[in-house]
Amino acid sequence: MTNGDPTMVEHRLDAEGVDHLMFAGVNDRHLQEIHRIFQIRVVLRGDQVILSGPLEHVERAVGVVQHLIELARLRAPFDTHDIARFAESFDVLGAGGMISPDQEMRIALPGSKKVISPKSDGQRRYLEAIGAHDIVIGIGPAGTGKTYLAVAMAVDALYKKRVKRIILARPAVEAGENLGFLPGDLQEKVDPYLRPLYDALEDMMPADRVRRALEDRTIEIAPLAYMRGRTLSDAFVILDEAQNATTAQMKMFLTRLGLNSRVVITGDKTQIDLPRSVDSGLLQVERILSGIEGIAIVYLDAMDVIRHRLVKDIIRAYAEAGVEQDHDDAADVPNPERR
């Protein structure tokens, strides 16, 4: 207790072996974030972390701070956004919702010296499913890492020679603009739709290696329509923005699967840009493929968002209002029948 007030308490946590800079952050940013979230005083003194404040606030903070201590002991980096995400997960799911360091999957990409790991329990389940199934369907809102993590797994498989090539596809569906009025030839018209895939690759591989891989077709990025008539063997294949694939396109894509290939399909059911009279292939496969051995469907939600902390609140606000979320990185045509 502090100052004789029974509602004010002080709690000490063992921080022996902790990297002080990693735990506290540059200029104590992490300690400031803990204070902001839980409204308590946080002090790192020697081998102890001291939490003081109202009993209810300290009790709420203890589990999260203990998790941060464990991460700092293992030299596992985290930032202020992660702290907010841990706090929310703990509030909703308790200690069982936290990813312990021994459960955490790490994807080490030697070309970029980058280590990618899941930031939430949903992301961990998603990566585990990709590792264990030939076809994985990841469904969730923008910012949950569906595409980024799938590309990371694909690059990892390529580095480890588990596959010979990576194929990334997206439906080139108009979202409020007519392709015919955009400048350039056909490739230049569809490239803006594929840009997020290029961005993910360039974040994980040296630029010269990405360029060479594209030139020798070790990595191929193409509109979904270009997949027709092909057999995709020895490949890690990702279909992004699958909510904009028609039912015919989705069947065509799934039947391209060849020997020693893995498929990841990602999509957001709230961001369908197809004409109202056209059914989404993602909604259909969600309904008809569940329960088939070798196929996993993983759902991500606002708890798994890894962008700015306000993105979660924006997603929830739209969901509560019953209004569709705007298309990520593009202007959507309103489609109230698609929910």
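Scroll up a little and you will see the structure.
Residues numbered from 1 in each chain as written. Predicted model: local features only at pLDDT ≥ 70, side-chain atom pairs only at ≥ 80, totals over all residues. Heavy atoms only, no water.

**Comments concerning the pairing of strand E6 (residues 135-139)**
Here is step 1: With five of five residues buried, E6 lies mostly within the body of the structure.
Here is step 2: Burial of E6 is two-sided: the residues Ile135, Ile137 and Ile139 facing one way and the residues Val136 and Gly138 facing the other way are all buried.
Here is step 3: In terms of strand pairing, E6 meets strand E10 (residues 262-267) through five bridges, oriented parallel. Among the inter-strand pairings, glycine 138 is bridged to a residue of E10, identified as threonine 266.
Here is step 4: In terms of strand pairing, E6 meets strand E11 (residues 295-299) through five bridges, oriented parallel. Pairing of glycine 138 across the sheet is with valine 298, part of E11. (Buried < 20%, exposed > 50% of the residue type's maximum accessible area, 1.4 Å probe, protein only. Helix = DSSP H or I, 4+ residues; strand = E, 2+ residues; numbered from the N terminus. Pairing = 2+ DSSP bridges.)

**Some thoughts on the nonpolar core**
Here is step 1: Counting 38 residues, the largest nonpolar core has Tyr126, Val155 and Phe236 as the members making the most contacts within it.
Here is step 2: Sort the elements by how many residues they give to this core and helix H6 (residues 146-159) lands first, with ten residues.
Here is step 3: The next biggest cluster of nonpolar side chains, apart from the first, holds 30 residues, and it includes Leu13, Ile34, Val58 and Ile69. (Core = buried A, V, L, I, M, F, W, Y, C linked by side-chain atoms within 4.5 Å.)

**Section: helix H2 (residues 29-38)**
Here is step 1: For H2, the complete set of buried residues consists of His30, Leu31, Glu33, Ile34, Ile37 and Phe38. Burial along H2 is one-sided: seen end-on, the buried residues are contained in an arc of 160 degrees.
Here is step 2: Glutamine 39 sits one or two positions beyond H2 and adopts a positive phi of about 55 degrees. (Arc of directions from axis to C-beta.)

**What about the pattern of salt bridges?**
Here is step 1: Here the structure, examined in full by the defined rule, presents 13 salt bridges.
Here is step 2: The closest approach of N and O atoms between arginine 212 and aspartate 208, which form a salt bridge, is 3.4 Å. Here arginine 212 pairs with aspartate 208, and both are found in helix H8 (residues 207-215), just four residues apart, close to one helical turn.
Here is step 3: Judged by relative accessible area, arginine 212 falls into the partly exposed class, the value being 44%.
Here is step 4: On the accessibility criterion, aspartate 208 (35% relative accessible area) is partly exposed.
Here is step 5: Members of the salt-bridge network, linked through shared partners, are Asp121, Arg124, Arg125 and Glu128. (Salt bridge = Lys/Arg side-chain N within 4 Å of Asp/Glu carboxyl O.)

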